[in-house]
Amino acid sequence: MTEFKPPLEDMSFLLKNVFNVEQLWQGIPALAEAVDVDTAEAILEEAGKLASTLIAPLNRSGDEEGAKWDDGVVTTPAGFKEAFATFAEGGWGGLCGDPEFGGMGMPKMLGVLFDEMMYASNSSFTLYPTLTSGACLALNAHGSDELKNEYLPNLYSGRWSASMCLTEPHSGTDLGLIRTKAVPNDEGSYDISGTKIFITGGEHDLNENIIHLVLAKLPDAAPGARGISLFLVPKINVENDELTTPNNVSCGSIEHKMGIKASSTCVMNFDESKGYLIGEAGKGLACMFTMMNYERLSIGIQGIGCGEMAYQGGAEYAKERLQSKGVGPLRDKTKDADPIVVHGDVRRMLLTARANNEGSRAFALYIAKQLDVAKFSNEPEQVAKANSLVALLTPVAKAFFTDLGFESTVLGQQVYGGHGYIREWGMEQLVRDVRIAQIYEGTNGIQALDLIGRKVAANQGQDYNVFSDEVKAFISTFESSAQADNLRLVAMVEQLKTSIASLDELTQIILERSGDGNELNGNAVDYLNAFGYASFAYMWCMTSLSAVEAQASSDNPYFENKLTVAEFFFARLLPKQQAYTNSIKAGVESIMAMPNDMF
Ligand SMILES: Cc1cc2nc3c(=O)[nH]c(=O)nc-3n(C[C@H](O)[C@H](O)[C@H](O)COP(=O)(O)OP(=O)(O)OC[C@H]3O[C@@H](n4cnc5c(N)ncnc54)[C@H](O)[C@@H]3O)c2cc1C
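Cut-offs used in this document
In this convention, every chain numbers its residues from 1, walking through the sequence in written order. Per-residue local features are limited, in this predicted model, to residues with pLDDT of at least 70; the limit for side-chain atom pairs, both in listing and counting, is 80 or more; totals at the level of whole chains, interfaces and linings are taken over all residues. To get the side-chain values, all heavy atoms of the structure are used, and hydrogens and water are removed first. In this description a helix means any DSSP run of H or I spanning at least four residues, a strand means any run of E spanning at least two, and both kinds are numbered starting from the N terminus. To estimate the expected span of a helix, count its residues, drop one, and scale the result by 1.5 Å. Here the bend at a residue is taken as the angle between two axes, fitted respectively to the seven residues that end there and the seven that start there. Exposed residues in this analysis have more than 50% of their type's maximum accessible area, buried residues have under 20%, and partly exposed residues fall in between, with area computed by a 1.4 Å probe over protein chains only. In this analysis, two residues are considered to be in contact whenever any of their non-hydrogen atoms come within 4.5 Å of each other. Where each domain starts and ends follows an automatic or database-derived domain assignment. Note on definitions: buried area is the accessible-area loss of two parts on being combined, 1.4 Å probe, summed for both. Note on residue classes: Ala, Val, Leu, Ile, Met, Phe, Trp, Tyr, Cys and Pro are nonpolar, Asp, Glu, Lys and Arg are charged, and everything else, Gly too, is polar. Whether a residue is near a molecule or strand is decided by its heavy atoms; if any one of them lies within 4 Å of it, the residue is near. Any pair of N or O atoms that falls within 3.5 Å is considered a polar contact. Within protein, one atom must be able to donate a hydrogen and the other to accept it, and sequence-neighbouring residues count only if both atoms are side-chain atoms. In this description, accessible areas are obtained by the Shrake-Rupley approach with a 1.4 Å probe, and a residue is regarded as covered only by the protein chains that are shown. At least two DSSP bridges between two strands are required for those strands to pair.

Engineer: So what's going on with helix H14 (residues 444-457)? Residues and values would help.
Structural biologist: With 14 residues, H14 extends 18 Å between its outermost C-alpha atoms, agreeing within 8% with the 20 Å of an ideal straight helix rising 1.5 Å per residue. At Asp450, H14 shows its maximal kink, close to 30 degrees. The buried count for H14 comes to 10 of 14 residues, which makes it a mostly enclosed element. Listed as buried for H14 are Asn444, Gln447, Ala448, Asp450, Leu451, Ile452, Gly453, Lys455, Val456 and Ala457. Buried residues along H14 sit in contact with helix H10 (284-320), helix H12 (380-415), helix H15 (462-479), helix H16 (487-513) and helix H17 (517-551).

Engineer: I'd like a description of the domain arrangement of the protein, backed by residues and values.
Structural biologist: The domain boundaries assigned to the protein delineate domain 1 (8-155), domain 2 (161-282) and domain 3 (443-591). Distance between the C-alpha centres of domain 1 and domain 2: 23 Å. Tallying the contact residues gives 30 residues for domain 1 and 31 residues for domain 2. For the pair domain 1 and domain 2, the summed buried surface comes to about 2,700 Å²; carbon and sulfur atoms form 68% of the total. Together, Val74, Tyr128 and Tyr151 form the three largest contributors to the area buried by domain 1 at its contact with domain 2, with a combined 22%. Elements supplying a minimum of two residues to the side of domain 1 that touches domain 2: helix H5 (59-65), strand E1 (68-70), strand E2 (73-75), helix H6 (80-89), helix H8 (123-142) and helix H9 (145-156). For the side of domain 1 that touches domain 2, the element with the highest residue contribution is H8, accounting for 10 residues. Partitioning the side of domain 1 that touches domain 2 into residue classes produces 15 nonpolar, 11 polar and 4 charged.

Engineer: Pulling in residues and values, what's your account of the site of the ligand?
Structural biologist: In the vicinity of the ligand there are 20 residues, among which Met164, Thr167, Thr173, Phe198 and Thr443 approach most closely. The side chain of Thr173 places a nitrogen or oxygen atom 2.5 Å from an oxygen atom of the ligand. Interatomic distance of 2.7 Å between a backbone N/O atom of Phe198 and a nitrogen atom of the ligand. Calculation on the ligand without its partners gives an accessible area of 980 Å², and the protein chains cover 64% of this total. Counting only elements with at least two residues in the shell around the ligand, the list comes to strand E3 (160-165), strand E5 (190-200) and H14. Counting residues per element, the shell around the ligand draws most heavily on E5, which supplies 3 residues. Residues that form the shell around the ligand fall into these classes: 10 nonpolar, 8 polar and 2 charged.

Engineer: Could you give an account of the pairing of strand E9 (residues 242-246), naming the residues involved and the relevant values?
Structural biologist: In terms of strand pairing, strand E8 (residues 236-239) meets E9 through 3 bridges, oriented antiparallel. Across the sheet, residue Val238 finds its bridge partner in E9, namely Leu243. The turn linking E8 back onto E9 is made up of 2 residues, and Asn240 within it adopts a positive phi angle of 45 degrees.

Here it is in structure tokens:
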């Protein structure tokens, strides 16, 4: 089985060269105080060690053993509890947390790279702290000072964890249907009653308390989503930092599932459990979106992590496995068979996975940069622009990264041939583990609807124009730059021009058809995919420009390899944008034609 090698060189290049964080962080006082490039690199190196030496070794055994339920008690696989204690002691749970409550206050640009390494090492393990970080964000943004003071320090420190309780048996995508009730009590808090299903980390043995963020409805709540409120419900009640009495929260069972077997997926019962309102009554869904948006990017990164691990495995195997003679200069004439890496089809698979991963990593950092600007900058214009981009691009990141992550894990598995299907190589686990990322946190279909409906059509393409204008500004800056006569870059930028013009035209078509709900619904996924490839064209142009600039003072082959992968992307992957565009132009008549009962 391949050992995880943290892709630190790529991460460092993206941070320093492509996104020029030195200048970015210096320009934002809160970040200049919190971090510099050397500290960032030291943190990533330590994170890489943690992921590869502590967390990754528990991945296979965790999958074999799985989380176990016995009479309401959930036990994580051997080693998880100890590893979590080390994770917590290192302060990793508070990496991007608010320093006022014990967090480290690091930028999200480090957070996404940290998350990627963690997911690459062990998706199941990583879900426990990730849910906690998302809950902290929502609590910090919308909770009262009292709740923040009581809970945030213990969540950042890893003394307690958190869960996100939305889904009910009859209510998944459509949360307006939830039935969990919140009744005001004499103590000024609420009695929460109801059943939630599929709750990740709803119960486990990693630490002493679990803080559930629960969506519920007050007795006089408005119907649908407008009637939803958000509550903090501890598993064990807390007073002055001490645990007191159990809070009638129980885990009825855990699910047996395709992958992420060491992550407990729980049925949670609340029986007049004491809950505390977070934010305003009736605004619960909006508050929960702070957590959900965080989780959506994080789950997108699960796609990158699993894809990266699959690529590393596939590349290693392809250089060792001898099968069939190759043709041309890459073959070794002295041997009966060549390593399969010489074969065009194997190279296609590896390069696709690599381009998926590296494009996604760059785009994740691009979005993280917007999150950092939105959170830390004092310039209202910058903040407004960054917020528009975050809103627009979060569903793209979640769905596109995880679809590509699934593609990459299947390709990595395919490179192994029959051995990819056999457990001991670890490739089939990656396919199983990443598959859920396309489903939870809102299915990828729902992400696409969010993009096309709420983020594009609802504001007449306003947020879209922010993105498109930025891409065009990049192109014109390039055209008057010192690199404007570099033929390799010119070829890429010309394709970016065509790509963004095509996405502009497609967006206009979507806006014109937006009065027809079926047009939006039936075209949403194809639109998101076209959007994803166009965004990656932008990422690859930025990345390639930095690689060419770096080559002026370095002969490190990394930069030439970067350009080779970029050229593969433009030649072999970007054309998919046109196929998605053509599908949308064909309209949805053929999708809507068949009567329901003929399915
Ligand atoms: C392992 C696991 C962990 C999870 N962890 C959590 C957790 O921690 N907390 C939590 O609250 N939930 C969690 N979930 C629940 C998860 O978020 C939901 O399963 C998911 O959002 C989809 O809801 P659903 O399963 O009810 O599917 P449904 O909502 O029934 O959807 C079924 C299908 O219909 C499609 N669909 C639905 N509505 C529309 C529409 N309007 N237009 C087009 N298509 C539509 C969906 O895309 C999907 O393909 C988890 C689920 C799993 C399996």
